Amino acid sequence: MKLFSISKAVHVPKFKVAEHFSEVIEVDAPKNMVYSLSQQHNMKCSPTVKRGDRVLVNQVIGVGENNSVVPVYSSVSGTVKQITTKTDLLGNKVDVVLVENDGLYEKQEREVFSYSTLSMDELREKVKALGLIETQNLSNRKRGMQLSFKDTAKNILINAQESGLYGQVDSYLYEKEKQDFLRGIDLLKSLYKDAQIVVLSTSDADSVIGFTELLKNSGVSLISKIPTQFYHDMNLAARDVFGDFAMKDTMVIDAFLLPAVARGLMDQRLTHYQLLLINGGAVKNPGIYKVMSGTTLDLVMEKAGVENPFRIVAGNILSGDAVFTTDSPINRGIREVLFLNENEVSIDEEMNCIKCGRCADVCPMGLQPYELNQLVIVRDFDEFFKKRGGMCVECGRCSYVCPSKRHLLQSFKTAKKVKR
Ligand code: SF4
Ligand code: SF4
């Protein structure tokens, strides 16, 4: 097992122009599948299978211990080899189910239902049963998709914004998943008849042209620039688009999961793959990779021709997490993995804070990152939360601008974990 440093935050020396990728490279499912039963801190599943069991595609192999946790499915047919503990990409100990893939892909049939006859509670249960994790609302990161579906909504924001300094994967939506994306919009229209629906895209020309074309007869409007320029936090985005800061009448749907919701509710089909942007200077074949759940990162690296990365970052470069190990399954909800070479990462040591205040200037939540950082260093977590440290939406802007290369965001993530 090759280990990478997690002791240092990644600071980016310069911005680069985001590339657009529309080609999708498929990674074959391996013989040995590794399914993580963990979804986020304190949110895990218990195994529903045991060693020696035969499992089928669509079979539940883990069920959640609380309502925000979605089930884990087998994406292949085969035999359960072991249920054990492993270190995940981000260095957390997680329970995993190891399945030997028999290559037959025998399926367990799924119950047939008509979503239009379901109550809202039943519908939420069906969405939850799709096993999808969304990550876009950073104030409530990595939650089960069912939580998005409110009883009523006047406004619906379909968020297709991508932070990617290293590339956009949204073209996949208007090129490859076009049909199911539009079916997803129809589904929302039928569930929320009078709601105003808006797609939020990135502002670069390719995305605007792609989504404009896609949405032209859908009755849905497109918005690609919002005043906050801070689209990671959905409360702020919703305030800018609909003027509904409290999110009372607004719900936000992750655009990248909408096609899977459409397939799941309209055709009873599960989506067993996730799309990953693989990029960075250490990658020979950067692009969008379609990866079956249960696949370990090292196999994707092999396919992408990754050579001697200096740092690996899961999630976008400003706010992502350093990858700890690569022979683990890709955590659900991760949409981007960057393999950086030495000159893409600033290797300057952390220096003392010079109280320049730049971090506070760029913080969209109006926090004082230098002060919060000091509190984490002295482990005064009570004061950290009193000073609203828990409001940090983990955008990474403070770390990016800090001339002293302070590991600000990373320290806040640590503090929030301690609290949890
Ligand atoms: S990461 Fe930094 S800039 Fe972003 S919200 Fe948190 S404290 Fe503010
Ligand atoms: S940007 Fe860095 S050096 Fe400046 S006040 Fe913030 S933590 Fe201190």
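Just so it is clear, the model here is predicted, and its values are computed rather than measured.

Participant: In this structure, what is going on with the overall build of the protein? I would like to understand it.
Facilitator: The secondary structure content of the protein amounts to twelve helices and 20 strands. The burial tally for the protein puts 45% of its 420 residues in the buried class.

Participant: Looking at this model, I keep getting lost on the site of ligand 1. Mind explaining?
Facilitator: Taken together, 16 residues lie around ligand 1, and Cys 363, Cys 392, Cys 395, Arg 397 and Cys 398 are the ones closest in. For the shell around ligand 1, the elements supplying multiple residues, two or more each, are helix H11 (397–401) and helix H12 (408–419). Among the elements that make up the shell around ligand 1, the one with the highest residue count is H12 (three residues). Among the residues forming the shell around ligand 1, the class breakdown is 13 nonpolar, one polar and two charged.

Participant: What's the story with the sheet that holds strand E15 (residues 250–254) in this structure? I'm lost.
Facilitator: Where strands meet in a sheet, backbone hydrogen bonds hold them as pairs that are either parallel or antiparallel. Spatial strand order, E14-E13-E12-E15: four strands in an open sheet with parallel pairing. In this open sheet, the two edge strands, each paired with only one partner strand, are strand E14 (221–223) and E15. Ignoring strand direction, the axes of neighbouring strands in this sheet form an average angle of 25°. The pairing of strand E12 (residues 155–159) with strand E13 (residues 196–200) spans five bridges and is parallel. Its bridge partner being in E13, Asn 155 is matched across the sheet by Gln 196.

Participant: Help me understand the sheet that holds strand E16 (residues 273–279) in this model?
Facilitator: One open sheet accounts for six strands, arranged E1-E17-E16-E20-E18-E19; its pairing is mixed. Whereas interior strands pair on both sides, the edge strands pair on one side only; in this sheet they are strand E1 (24–27) and strand E19 (321–322). Running over the sheet, helix H7 (residues 297–304) touches E1, E16, strand E17 (287–292) and strand E20 (336–340) and is turned about 130° from E1.

Participant: What am I meant to see in the environment of Pro 329 here?
Facilitator: Within the fold, Pro 329 resides in the loop between E19 and E20. The spacing of Pro 329 and Val 34 is 295 residues in sequence and 5.9 Å in space, taken between C-alpha atoms.

Participant: Can you walk me through the site of ligand 2 in this structure?
Facilitator: Near ligand 2, the surroundings consist of 15 residues, among which Cys 353, Cys 356, Cys 359, Tyr 370 and Cys 402 are the closest. Elements supplying a minimum of two residues to the shell around ligand 2: helix H8 (358–362) and helix H9 (369–377). Counted by class, the shell around ligand 2 contains ten nonpolar, two polar and three charged residues.

Participant: How should the pairing of E20 be read in this particular structure?
Facilitator: With respect to burial, E20 is a largely interior element, five of its five residues being buried. Residues Glu 336, Leu 338 and Leu 340 point to one face of E20 and Val 337 and Phe 339 to the other, with burial holding for every one of them. Of the pairings in the sheet, the one linking strand E18 (residues 311–314) to E20 comprises four bridges and is antiparallel in character. In the strand pairing of E20, Ile 312 is matched with Phe 339.

Participant: When you look at the nonpolar core in this model, what are you seeing that I'm missing?
Facilitator: General note: in soluble globular proteins, nonpolar side chains tend to be found buried as a group. Core analysis: the largest hydrophobic core is formed by 84 residues, its most contacted members being Tyr 35, Leu 157, Ile 158 and Val 261. Mapping this core onto the domain boundaries places at least three of its residues in each of domain 1 (24–109 + 270–344) and domain 2 (117–267). Apart from residues no more than four positions distant in its own chain, Val 261 is found in contact with Val 127, Leu 130, Met 145 and Gly 184.

Participant: I would appreciate a short explanation of helix H6 (residues 258–267) in the present structure.
Facilitator: Three- or four-residue spacings in an α-helix give side chains the same orientation, since the helix completes a turn every 3.6 residues. The buried fraction of H6 amounts to seven of the ten residues, a majority that puts the element mostly inside the structure. Along H6, the positions that sit buried rather than exposed are Leu 258, Pro 259, Ala 260, Val 261, Ala 262, Gly 264 and Leu 265. Contact partners of the buried residues in H6: helix H1 (120–128), E12, helix H3 (178–191) and E15.

Participant: Is there a simple way to think about the environment of Ala 29 in this case?
Facilitator: Inspection of the secondary structure assignment puts Ala 29 in the loop between E1 and strand E2 (32–36). Since 21 C-beta atoms lie within 10 Å of it, Ala 29 is described here as buried. Through-space distance from the C-alpha of Ala 29 to that of Thr 295 is 6.5 Å; in sequence the pair is 266 residues apart. Excluding its chain neighbours within four sequence positions, the residues that come into contact with Ala 29 are Ser 75, Val 76, Asn 101, Met 292 and Thr 295.

Participant: Quick question: what am I supposed to make of the confidence of the model for the protein here?
Facilitator: Low pLDDT marks regions whose predicted coordinates should not be analysed in detail. Per-residue confidence for the protein gives a mean pLDDT of 85; residues scoring 70 or more make up 88%. Summarising per-element confidence for the protein, the mean pLDDT is lowest in strand E11 (residues 143–144) (62) and highest in strand E5 (residues 54–55) (98). For the stretch residues 1–8, pLDDT sits under 50, and the model shows 15 contacts to residues farther than four places along the chain or on other chains. Below pLDDT 50 for its whole length, residues 137–141 participates in ten contacts with residues either more than four positions away or in separate chains.

Participant: Is there a simple way to think about the pairing of E18 in this case?
Facilitator: In summary, the side chains of a regular strand alternate between the two faces of the sheet. Neither face of E18 is exposed, since Arg 311 and Val 313 on one face and Ile 312 and Ala 314 on the opposite face are all buried. In this sheet, E19 lies alongside E18 in antiparallel orientation, the contact comprising two bridges. Across the sheet, the residue bridging to Ala 314 is Asp 321, located in E19.

Participant: How should I be thinking about H9 in this particular structure?
Facilitator: Those residues of H9 that sit buried are Pro 369, Tyr 370, Leu 372, Asn 373, Leu 375 and Val 376. Looking at the residues trailing H9, positive phi occurs at Arg 379, about 60°.

Reading the values: the criteria
Residues numbered from 1 in each chain as written. Chains lettered and ligands numbered in written order. Predicted model: local features only at pLDDT ≥ 70, side-chain atom pairs only at ≥ 80, totals over all residues. Helix = DSSP H or I, 4+ residues; strand = E, 2+ residues; numbered from the N terminus. Buried ≥ 20, exposed ≤ 12 C-beta atoms within 10 Å, placed from the backbone. Near = placed C-beta within 6 Å. Nonpolar A, V, L, I, M, F, W, Y, C, P; charged D, E, K, R; others polar. Pairing = 2+ DSSP bridges. Axes fitted to C-alpha atoms, helices over the stretch in contact; angles between N-to-C directions. Contact = placed C-beta atoms within 7 Å. Core = buried A, V, L, I, M, F, W, Y, C linked by C-beta atoms within 7 Å. Domains from an automatic or database assignment. pLDDT = per-residue confidence, 0-100.

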